[in-house]
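Remarks on the overall topology
In case you want the letters, here they are:
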Amino acid sequence: MNTPLLEIDNLHVKFARSEDEVHAVNGVSFTVHANETLGIVGESGSGKSVTLMSSIGLLRENGKITSGTAKFQGQDLLKLRPKQLEDIRGRDIGVIFQDPMTSLNPIMRIGDQIMEAMLAHQYCTRKEAYERTLQLMHEIGIPDPKTRMKNYPHEFSGGMRQRIMIAIALACEPQLLIADEPTTALDVTVQMQILALLQELRHRRGMSVVMVTHDFGVATNFCDKIIVMYGGQIMEAARTDDFIRQSVHPYSIGLKRSIIEVGHRGKAIVPIPGAAKAITESPCSCPFAPRCTFASERCHREMPMLRDFEKDHQIACHHAEEVVALAN
Ligand SMILES: Nc1ncnc2c1ncn2[C@@H]1O[C@H](COP(=O)(O)OP(=O)(O)O)[C@@H](O)[C@H]1O
Ligand code: SF4
Ligand SMILES: [Mg+2]
């Protein structure tokens, strides 16, 4: 296969806290090719956002990348200066965050915000940016763009504001779109509309997408391949069809049981008992062991490495073979 568009290799990220440190990302590796959509799934606190945000230079001040590479088109983003990264972000890599209200500027007309995304990267002239803003607003389904571009963010609904965020992220025609829980703040109907819009835009533009979500149903509906994260590590990675057919990791199996798929909402949820905790020491056991019904003594003293289970299907579990025999 060709060089991946994005290639994260053995990424480790730590945060300093007053009393201790959090090992938020512990050796994460994955690739995204052109025209591919990757879903990163996992409960809150599993390291999904930190993995992506640290790769594109949006790490909080108390955070540090202790090792790894994050190559975009072969170039290691972690070695770039902030200004160089800023140029790539927004131009070659579009980013959509969870909460459009905090990401949009409340005192700037939305037309100007979309235009600014292009002008800041010298993507086109002011006149072209104006025309393109009208076209983008039309494309994301905002009626009467000429009038609406003069409005401020508070004059739009939550779903419309998220559409505007998408327009900003797509303004410079990025090759890669990173969407961190793009629909979490929205109600179910609007969520489905936004996902349908993203799907259509990605097909039309031939763009790659990395989407972080804690909703397994959203990932299986939208993505070509899925990574399941827990405790800052990848627990399972597979193509979506393989995943739906057979998930192998005890955590994925639990997550799968607890989904309410888009379109099948309202089914009973069977949550995985227990909760994820921040990891404050260098990991030397399976992070899921305290909650895993399959855990053995080995799981508490040895961290499982991500290994091939089948073609294009990796797993980090000492007992995957036994789990599969029992659970599927
Ligand atoms: N600025 C920070 N300082 C300390 N810990 C942090 C910081 N940001 C994230 N973390 C911790 O890193 C871990 C992973 O967080 P995150 O990637 O945001 O999770 P997710 O996106 O999967 O919900 C969590 O334990 C979280 O508490
Ligand atoms: S390695 Fe052990 S504790 Fe971890 S998921 Fe597998 S069986 Fe459970
Ligand atoms: Mg997050």
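Presented here is an overview of the structure given in this document. (Residues numbered from 1 in each chain as written. Chains lettered and ligands numbered in written order. Predicted model: local features only at pLDDT ≥ 70, side-chain atom pairs only at ≥ 80, totals over all residues. Heavy atoms only, no water.)

Counting secondary structure elements, the protein contains 13 helices and twelve strands. Relative to the 2.2 N^0.38 estimate, which gives 20 Å for 328 residues, the radius of gyration of the protein is 20 Å and therefore close to what a compact globule would have. For the protein, the C-alpha atoms occupy an extent of roughly 65 × 45 × 45 Å along the three principal directions. A total of 328 residues make up the protein; the buried ones form 51% of that total. The long-range fraction of contacts in the protein, counting pairs at least 24 apart against all pairs at least 6 apart in sequence, stands at 64%. Summed over all atoms, the accessible surface of the protein reaches about 15600 Å², with 51% contributed by carbon and sulfur. Averaging the coordinates of the 36 positive side-chain charges in the protein and doing the same for the 39 negative ones gives two points 3 Å apart. (Helix = DSSP H or I, 4+ residues; strand = E, 2+ residues; numbered from the N terminus. Rg over C-alpha atoms; globule rule 2.2 N^0.38 Å. Buried < 20%, exposed > 50% of the residue type's maximum accessible area, 1.4 Å probe, protein only. Contact = heavy atoms within 4.5 Å. Areas by Shrake-Rupley, 256 points an atom, 1.4 Å probe, with all protein chains shown as cover. Lys, Arg positive; Asp, Glu negative; His and termini not counted. Charge placed at Lys NZ, Arg CZ, Asp CG, Glu CD.)

Taken together, the neighbourhood of ligand 2 is formed by H249, P250, C286, A289, C292, F294, A295, C299, P304, C317, H318 and H319. Its residues assigned to classes, the shell around ligand 2 shows nine nonpolar, three polar and no charged. (Near = heavy atom within 4 Å. Nonpolar A, V, L, I, M, F, W, Y, C, P; charged D, E, K, R; others polar.)

Once that is clear, we can look at the pattern of salt bridges. Going through the model one piece at a time under the given rule, you end up with 21 salt bridges. As a salt-bridge pair, R291 and E43 come within 3.0 Å of each other at their nearest N and O atoms. Taken together, the residues R291 in the loop between helix 11 (250-257) and helix 12 (297-301) and E43 in the loop between strand 3 (37-41) and helix 1 (48-55) connect sequence positions 248 residues apart. Across the pair E310 and R245 runs a salt bridge, and its minimum N-O distance is 3.9 Å. Here E310, found in strand 11 (residues 307-310), pairs with R245, found in helix 10 (residues 240-245); they are 65 residues apart in sequence, far enough to count as distant. Assessed through its relative accessible area of 32%, E310 is described here as partly exposed. Ionic contacts of the salt-bridge type, sharing partners, join the residues R132, E139, E173, E200, R204 and R205 into one network. (Salt bridge = Lys/Arg side-chain N within 4 Å of Asp/Glu carboxyl O.)

Another point: the pairing of strand 8 (residues 208-213). With respect to burial, strand 8 is a largely interior element, six of its six residues being buried. Alternating residues of strand 8 divide into S208, V210 and V212 and V209, M211 and T213, and every residue in both groups is buried. The pairing of strand 3 with strand 8 spans five bridges and is parallel. Bridged to V41 within strand 8 is T213. Judged from the five bridges that link them, strand 7 (residues 176-180) and strand 8 form a sheet pairing that is parallel. Looking at strand 8, one finds that L177 is bridged to V209. In this view, the connection linking strand 7 to its parallel neighbour strand 8 by way of helix 8 (residues 188-205) has right-handed handedness. (Pairing = 2+ DSSP bridges. Right-handed = clockwise from strand over helix to strand, strands pointing away.)

Turning our attention to the side chain of S55. Positionally, S55 belongs in helix 1. Not counting chain neighbours up to four residues away, the residues in contact with S55 comprise I8, L11, A70, L77 and L78.

Bringing helix 5 (residues 126-139) into the picture now. Quick reminder: α-helices carry 3.6 residues per turn. Residues three or four places apart thus point the same way. Its 14 residues give helix 5 an end-to-end C-alpha distance of 20 Å, which sits within 8% of 20 Å, the value for a rise of 1.5 Å per residue. Residues of helix 5 that are buried: A129, R132, T133, L134, L136, M137 and E139. Buried residues belonging to helix 5 abut helix 4 (110-119), helix 6 (145-148), helix 7 (158-170) and helix 8. Once helix 5 finishes, G141 follows within two positions and takes phi at roughly 85°, a positive value. (Expected span 1.5 Å × (residues − 1).)

Of note, I279 is situated in the loop between helix 11 and helix 12. For I279, a relative accessible area of 17% gives the class buried. Ignoring sequence-local partners within four residues, the contact set of I279 consists of E21, V22, H23, N26, G231 and P287.

Around ligand 1 lies a shell of 14 residues, among which G45, K48, S49, V50 and N62 are the nearest. Within the backbone of S46, an N or O atom sits 3.1 Å from an oxygen atom of ligand 1. N62 is positioned such that a nitrogen or oxygen atom in its side chain is 2.9 Å from a nitrogen atom of ligand 1. Out of a free accessible area of 560 Å², ligand 1 has 76% covered by protein chains. Looking at the shell around ligand 1, the elements that each hand over two or more residues are strand 2 (21-32) and helix 1. With three residues, helix 1 is the single largest residue contributor to the shell around ligand 1. Across the shell around ligand 1, the residue classes tally to five nonpolar, six polar and three charged. (Polar contact = N/O pair within 3.5 Å; in protein donor to acceptor, adjacent residues only side chain to side chain.)

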